[in-house]
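Read off the chains here:
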Amino acid sequence: MNTAAPPTAARPNYGRRRAWTLLGVHLAFAAHIVHWRLAGRTLAPLELNELMYTLEAGIVTAGFLLMVLVTLSVAVFGRFFCSWGCHVLAVQDGSAWLLEKLGLRPKTFRMRMLALVPLGALLYMFVWPQVRFVLLGAPRPALRVTDDSSGWASFVTSDFWRNLPGPGIAITTFLVCGTAMVGLMGRRAFCRYGCPYGALFALMDRVAPGRIARIGDCSACGKCTAACTSDVKVHEELEAHGQVVDPACLKDLDCLAACPDGAIGFRFRGSKALSVPRAGRVPRKAWMTTRGEELFMALAFVPLLLVFRGLYGLLPFLMSLGLAALTSFLAVIGWRLVRARDAALVRRPLKVAGRLTPVGRGAALAIGAWLALVAHSTVLRAAQARGATIVAEGVHELALARADAAVRARCAGSRRAACSRRPA
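First, a word on scope: everything that follows refers to the structure included in this document. (Residues numbered from 1 in each chain as written. Predicted model: local features only at pLDDT ≥ 70, side-chain atom pairs only at ≥ 80, totals over all residues. Heavy atoms only, no water.)

## Here's the deal with the pattern of salt bridges
According to the stated counting rule, one finds 14 salt bridges in the structure shown. The salt bridge involving Arg-162 is made with Glu-50; its shortest N-O contact spans 2.9 Å. Here Arg-162 is found in the loop between β3 (156-157) and α7 (167-185), whereas its partner Glu-50 is found in the loop between β2 (42-43) and α2 (51-57), with 112 residues between them in sequence. Overall, the relative accessible area of 15% leaves Arg-162 in the buried class. (Salt bridge = Lys/Arg side-chain N within 4 Å of Asp/Glu carboxyl O. Helix = DSSP H or I, 4+ residues; strand = E, 2+ residues; numbered from the N terminus. Buried < 20%, exposed > 50% of the residue type's maximum accessible area, 1.4 Å probe, protein only.)

## Observations regarding unusual backbone geometry
Positive phi, close to 60°, is recorded for Arg-188, a residue that is not glycine. You can see Arg-188 is positioned in the loop between α7 and α8 (189-193). Here Arg-347, not a glycine, exhibits a phi torsion of approximately 60°, which is positive. Summarising the element assignment, Arg-347 is placed in the loop between β6 (343-345) and β7 (348-352). Note on Arg-347: relative accessible area 45%, which makes it partly exposed.

## A look at the pairing of strand β5 (residues 264-268)
The element β5 is largely enclosed, with a buried count of 4 among its 5 residues. In terms of strand pairing, strand β4 (residues 210-214) meets β5 through 5 bridges, oriented antiparallel. The residue bridging Arg-211 from the neighbouring strand is Arg-267, located in β5. (Pairing = 2+ DSSP bridges.)

## Some remarks on the packing of helix α13 (residues 291-308) against helix α14 (residues 317-339)
Axis separation between α13 and α14 bottoms out at 8 Å; the angle between their running directions is 140°. Judged by the angle between their axes, α13 and α14 are oblique. Where α13 crosses over α14, the two elements pack in a sense that is right-handed. Counted together, Glu-293, Phe-296, Met-297, Ala-300, Phe-301, Leu-304, Leu-305 and Phe-308 of α13 and Phe-317, Ser-320, Leu-321, Leu-323, Ala-324, Ala-325, Thr-327, Ser-328, Phe-329, Ala-331, Val-332 and Arg-336 of α14 form the full contact between these two elements. A breakdown of the residues in the contact of α13 with α14 according to their chemical character gives 15 nonpolar, 3 polar and 2 charged. (Axes fitted to C-alpha atoms, helices over the stretch in contact; angles between N-to-C directions. Parallel < 35°, antiparallel > 145°, perpendicular 65-115°, else oblique. Left-handed = near helix turned anticlockwise from the far one by under 90°. Contact = heavy atoms within 4.5 Å. Nonpolar A, V, L, I, M, F, W, Y, C, P; charged D, E, K, R; others polar.)

## Quick notes on the sheet that holds β7
Here we have 3 strands laid out as an open sheet, ordered β6-β7-β8, and antiparallel in their pairing. Edge positions in the sheet fall to β6 and β8 (355-356), since each has one partner strand and no second. The sheet contact formed by β7 and β8 spans 2 bridges and is antiparallel. Across the sheet, residue Val-352 finds its bridge partner in β8, namely Arg-355. Sitting on the sheet, helix α15 (residues 358-410) is in contact with β7 and β8, with an inclination near 90° to β7.

## Comments concerning the side chain of Gln-243
For Gln-243, the position within the fold is in the loop between α11 (234-241) and α12 (254-258). One polar contact links Gln-243 to Arg-211, side chain to side chain, over a distance of 2.6 Å. (Polar contact = N/O pair within 3.5 Å; in protein donor to acceptor, adjacent residues only side chain to side chain.)

Structure below.
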């Protein structure tokens with residue numbers, strides 16, 4: 001598969017093609033739901049997270065097979081699925097497009113610690129269950145195909161919505177992981193700071209032979225980098241490696257269309273992990289947070305995740321990841337509004353020479369209100385945890401009392417002293 005940018009006058013609009021492809025993905029979702037509503041039974045949801053049920057319960061599902069196929073495709077071609085087939089990325093790109101139409105151009109906020117969240121989520125979702133089997137000495141379940149009578153059908157089911165959130169939570173997830181994170185933290189912020197599948201695909205992308213490569217004379221104009229919506233320094237990577245080795249590259253192909261020299265193409269080459277920089281030049285990213293701010297976000301993220309996950313019995317794991325990352329970030333911005341002399345966000349000055357701007361005052365009120373809501377949720381979760389402990393203790397005491405009463409009833413009239421002892 002060799003894809004090169006043709007002369008300037010004939011360059012394809014990959015962005016438009018990708019938009020139509022992602023629209024087709026959502027239309028396929030809609031057709032799937034309509035078929036289920038009309039027929040009563042349909043193909044089980046093609047959800048990547050159903051991989052967990054295969055790993056933990058041994059149930060082979062359509063979602064598991066899709067995950068296997070996608071992972072294999074990434075291992076060969078690179079992360080095309082992320083930009084051309086992921087519905088969450090479509091929401092993020094759609095949010096960015098809408099915000100730009102409103103005059104708000106998202107700017108990537110580069111942070112080190114939050115970039116580790118996807119890998120941590122990947123380990124928790126898919127690796128930890130296997131480690132737990134080993135620690136408990138429990139046998140791993142054998143792979144098997146089941147139907148609805150077993151409670152979880154592998155391929156054809158009447159319980160289509162078994163693993164999907166309701167419309168309200170789905171819309172809220174898109175607003176959080178799409179609009180809010182994109183608007184405040186940059187395009188594809190959830191891909192960068194929340195998506196566990198992206199972490200797996202990034203690992204596979206490192207060994208994939210397919211990559212964006214330099215195939216002609218480059219004028220180093222930087223237009224490829226300007227066109228990249230994944231914050232990859234394309235022209236610097238091409239200069240250093242002769243190819244893009246950053247696993248954040250989602251193969252949008254926008255850089256191909258943007259190159260006025262036709263010097264960029266898609267090629268099959270050696271593993272990125274073995275790529276040696278040319279002339280020792282390695283592109284580096286400029287981080288936008290201090291070490292203290294990074295440490296704060298690292299310490300705050302896990303407690304925030306515990307607060308949000310399952311809050312009110314509603315919030316799913318991926319949405320909780322997005323909310324925890326977003327809240328950690330907003331807390332740092334709020335701290336800057338209090339202590340820093342100058343602060344800005346999304347190209348908007350919030351504080352200049354120690355004074356809040358009108359936008360800064362609005363941001364301070366919004367951040368304060370959100371953090372107050374999070375504090376309320378924290379108190380609620382603490383009360384729930386305490387209540388659960390009290391209930392558990394009460395259930396235990398009730399069980400002891402019932403056992404004691406049973407022993408006394410059996411021993412009624414008996415002269416044996418042992419009958420009067422309370423069971424341990």
